[in-house]
Amino acid sequence: MIIPVWIIGFTGHRPKEIPGRTSGEMEHLAVKIRDELRALKIKAEAQGGRAELLCGVAAGADLIAAREATALDMPVHVILPMPERHFEEDFEGAAFQADWHQAQHHIKRAKEGTGGATFRIAHGSHLRDDCYYDVGSQIVYASDAIIALWDGKEAPPVQIADSSGKVISSGRGGTADVIDLANADRMPYLKGKEPTNGFRWLPTPVRRINTVTGEVDGDASSFASATDAGLAEMKAIQHAADAEHGITKPLTTAKALMEFVDRGAKDWATRLRGALLCGSILHFTASIIAAVSAGSQRVLEDWRPSALAGMELAFVLAAIGLMLWSHYKHAQARWIELRVATELVRGLVSSGRLLDPLFPIATDHLPGWRRFCLSVGLTIWRDASTATDPAATPEQAFIQERTGYLTDRIKDQISHFEKYDPHHRHWWHGFAHIAGPVTSVLAVVFIVIALVHKVDVYRDPGHKADESLPLTLIYYFLPIALPLLAGAVTSLQSVTDVKRRAYVYPEMVERLNSAGEFLPVIRTPASLRRFVRRTEEILLDELVGWYAAAKGISH
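The present account deals with the structure reproduced in this document. (Residues numbered from 1 in each chain as written. Predicted model: local features only at pLDDT ≥ 70, side-chain atom pairs only at ≥ 80, totals over all residues. Heavy atoms only, no water.)

1. Quick word on the side chain of R334
With respect to the element layout, R334 can be found in helix α10 (residues 331–351). According to the relative accessible area criterion, R334 is buried, its value standing at 16%. Once residues lying within four places of it in the same chain are set aside, the contact partners of R334 are H239, A240, W268 and K329. (Helix = DSSP H or I, 4+ residues; strand = E, 2+ residues; numbered from the N terminus. Buried < 20%, exposed > 50% of the residue type's maximum accessible area, 1.4 Å probe, protein only. Contact = heavy atoms within 4.5 Å.)

Following this line, the structure appears as structure tokens:
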């Protein structure tokens, strides 16, 4: 089973020059911070998951929160507003040396991955006035709930200076700004009991601890609730994937995750394709029997088509039975969800540690899948098998990651798109492009011939028409059978997604070949991460297009 993860973001006042904000002066609020963390942790565990903390380990409140989370055995993810050597400047002075040692401790643990922690430097401005605002906005973006240690004052619109005129606040990036961002941000929750009912978008839950009065307020009832859209999606995937296998133990390795969702997708694909193929054959056979029955009555005057009618009914009932089974088992919906889950896991595994697990790319494209991608991404990140050789030099580790992504992701996807490109499956591509139009045109021609024949019979009812077997086929059988064949071909084209693939797959091969030529010349880790993110966006666009098309067909 996949363990769902919820991220708790923390924000609190930094000491700066304002009295009452040092770690020691806010220590009396540690119990309240611990109580809030514990309450949210219990809610996550009640849903079979876990809660983890994300904070900036700045001097003051952040360090208290990091310490209390560690005491509760919660991983502490660290996000710095700037590189470490510049961040240290915010701890200048003897009063903050103890805080700096604590910050270094959490940074070291995060870099080493101790206790499941992760480390990153915020993207954005490197100007000191703006970088703390960027940290706050990214904490809100990555978090499912916010705990804020706040004095109750609104965000200042302008810079704040002390009595000597020294600027002690840029007017942005403080706790009030983070609270405003959280209130303006929106997260998806279910409208009904199922993801298919759509989402309603609610603000990020915020729990505010007032540093002056000690009062705590804010509604966090939606945190880790049954209406969490991501949790519902994970439960649906879990149920579909292990419906036949009964897997209950946690999946803690990239290989186990990949096998879990891929096996489920293949199982349901086999069942669904078998049901669709058999249902189509049964319906088509029943229709052909009806056409034969209609034509035979014209050739044999004493023909009694009761046997054919019984066969037709049996085929139709069998097809309806398959349709009801597919509907009852939600076969198509389960296959679609597991197919998407498989591709998302494949991308997360191939990206390894080149992408930040707290900021899944899929969040912007498929918001209901954020919980799944976050949980899987962190599982992969913590799997020792996804790490580079610890004995390797930084240059060797970089080459390993670059080569691995080229082989495991780009070349693998090129092979996939080439294999399933309809242009490379000549018999099917030709059949799909010729059979449909030909049968449609022939259907129209024979319907017109049959109509002319009926008009002639109507005008001269006493005339005994020549209704030999060949003419019976022309007047009665083909006008019924050909439209059915044209419809069957069109249905197969739709179900197999052949038209979209014929247009998209050659383009994907070209783009990935171009990426494969560009990747070997990249020489820095930062450039490699940007390249991987861009490539994953390209692949995700194609997946989202298929997902939308498949969901449209299923509904």
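Continuing now.
2. Considering the pattern of salt bridges
Side chains that differ in sign of charge can pair as their charged atoms come close. Applying the stated criterion to the full structure yields 19 salt bridges. A salt bridge links E27 to R67, with the shortest nitrogen-to-oxygen separation between them at 2.7 Å. You can see E27 sitting in the loop between β1 (5–12) and α1 (30–46) and its partner R67 sitting in helix α2 (residues 61–71), a full 40 residues away along the chain. With a relative accessible area of 32%, R67 lands in the partly exposed category. Note that E68 and R67 form a salt bridge whose closest N and O atoms lie 2.9 Å from each other. Each member of the salt-bridge network shares a partner with another, and the members are E27, R34, R67 and E68. (Salt bridge = Lys/Arg side-chain N within 4 Å of Asp/Glu carboxyl O.)

3. Some remarks on helix α12 (residues 370–382)
Between the first and last C-alpha of α12 there are 18 Å, a value that for 13 residues agrees with the 18 Å anticipated at 1.5 Å per step. Within α12, 12 of the 13 residues are buried, which leaves the element mostly enclosed by the surrounding structure. By the burial criterion, the buried members of α12 are R370, R371, F372, C373, L374, S375, V376, G377, L378, T379, I380 and W381. (Expected span 1.5 Å × (residues − 1).)

4. Things to note about the packing of aromatic side chains
For the coordinates displayed, the defined rule picks out 12 aromatic pairs. Summarising the aromatic geometry, the rings of F87 and F91 are spaced 5.3 Å apart at their centres and angled 80 degrees between planes, so their arrangement reads as edge-to-face. Comparing F87 with F91 shows no difference in burial state: the two are buried. For the pair F199 and W201, a centre-to-centre distance of 6.3 Å together with 80 degrees between the ring planes defines the contact as edge-to-face. With relative accessibility at 42%, the residue W201 sits in the partly exposed group. In this structure, R271 is placed above the aromatic ring of W268, and the distance from its NZ or CZ to the ring centre is 4.4 Å. Above the plane of the ring of F518 lies R534, whose end atom (NZ or CZ) is 5.6 Å from the centre. (Phe/Tyr/Trp six-rings, centres within 6.5 Å; stacked < 30°, edge-to-face > 60°. Lys NZ or Arg CZ within 6 Å of the ring centre and 35° of its normal.)

5. Points about the environment of F223
Inspection of the secondary structure puts F223 in the loop between β11 (216–217) and α7 (229–241). On the basis of relative accessibility, which here comes to 1%, the residue F223 falls in the buried class.

6. Thoughts on the packing of helix α13 (residues 394–419) against helix α16 (residues 498–518)
One way to put it is that α13 packs onto α16 with a least axis distance of 9 Å and a crossing angle of 155 degrees. Classified by the interaxial angle, the pair formed by α13 and α16 is roughly antiparallel. Crossing hand, α13 versus α16: left-handed. Residues L406, I410, Q413, I414, H416, F417 and E418 of α13 lie in contact with α16, whose contacting residues are Y505, M508, V509, L512, N513, A515 and G516. Among the residues making up the contact of α13 with α16, the classes are represented as 9 nonpolar, 4 polar and 1 charged. (Axes fitted to C-alpha atoms, helices over the stretch in contact; angles between N-to-C directions. Parallel < 35°, antiparallel > 145°, perpendicular 65-115°, else oblique. Left-handed = near helix turned anticlockwise from the far one by under 90°. Nonpolar A, V, L, I, M, F, W, Y, C, P; charged D, E, K, R; others polar.)

7. A look at the environment of E27
Residue classification places E27 among the partly exposed residues on the basis of a relative accessible area of 32%. The spatial distance from the C-alpha of E27 to the C-alpha of A61 is 8.4 Å, given a sequence separation of 34 residues. Within the structure, the side chain of E27 is placed 2.7 Å from the side chain of R67, a separation counted as a polar contact. (Polar contact = N/O pair within 3.5 Å; in protein donor to acceptor, adjacent residues only side chain to side chain.)

8. Looking at the nonpolar core
Membership of the largest hydrophobic core comes to 57 residues, with the highest contact counts inside it found for L344, W369, F372 and I410. Among the elements of the structure, α7, α8 (254–299), α10, α12, α13, α16 and α17 (525–554) are those that each provide at least two residues to this core. It is α17 that contributes the most residues to this core, 10 residues altogether. With near-sequence residues (within four places) excluded, F372 lies in contact with I2, M234, I237, A341, L344 and V345. Counting residues in each nonpolar core, the second largest holds 46 residues, with F87, A110, C131 and A220 among its members. (Core = buried A, V, L, I, M, F, W, Y, C linked by side-chain atoms within 4.5 Å.)

9. Some points on the pairing of strand β8 (residues 186–190)
In terms of burial, β8 is largely enclosed, as 4 of its 5 residues are buried. Relative to strand β9 (residues 199–203), β8 runs antiparallel, the two being bridged by 5 bridges. The residue of β9 that forms the bridge with Y189 is R200. (Pairing = 2+ DSSP bridges.)

10. Considering α16
Here α16 contains 21 residues, and its C-alpha end-to-end distance of 30 Å stays within 8% of the 30 Å for a straight helix at 1.5 Å per residue. Its maximal kink placed at V504, α16 deviates by approximately 30 degrees, while the proline P506 follows within four residues. Turning to α16, its buried residues number three or more, namely V498, R500, R501, A502, V504, Y505, M508, V509, L512, A515 and G516. (Bend = angle between axes of the 7 residues up to and from the residue.)

11. Observations regarding the sheet that holds β11
In spatial order, the strands read β4-β3-β2-β1-β5-β10-β11; together these 7 strands make up an open sheet with mixed pairing. The open sheet terminates on both sides in strands that have one partner only, identified here as β4 (119–121) and β11. Bridge analysis of β1 against strand β2 (residues 50–55) gives 5 bridges, and the strand direction is parallel. In the sheet register, I7 faces β2, and the bridge partner there is E52. Along the sheet face, α2 touches β1, β2, β3 (76–80) and β5 (145–150) and points at about 150 degrees away from the line of β1.

These figures capture arrangement, not role.
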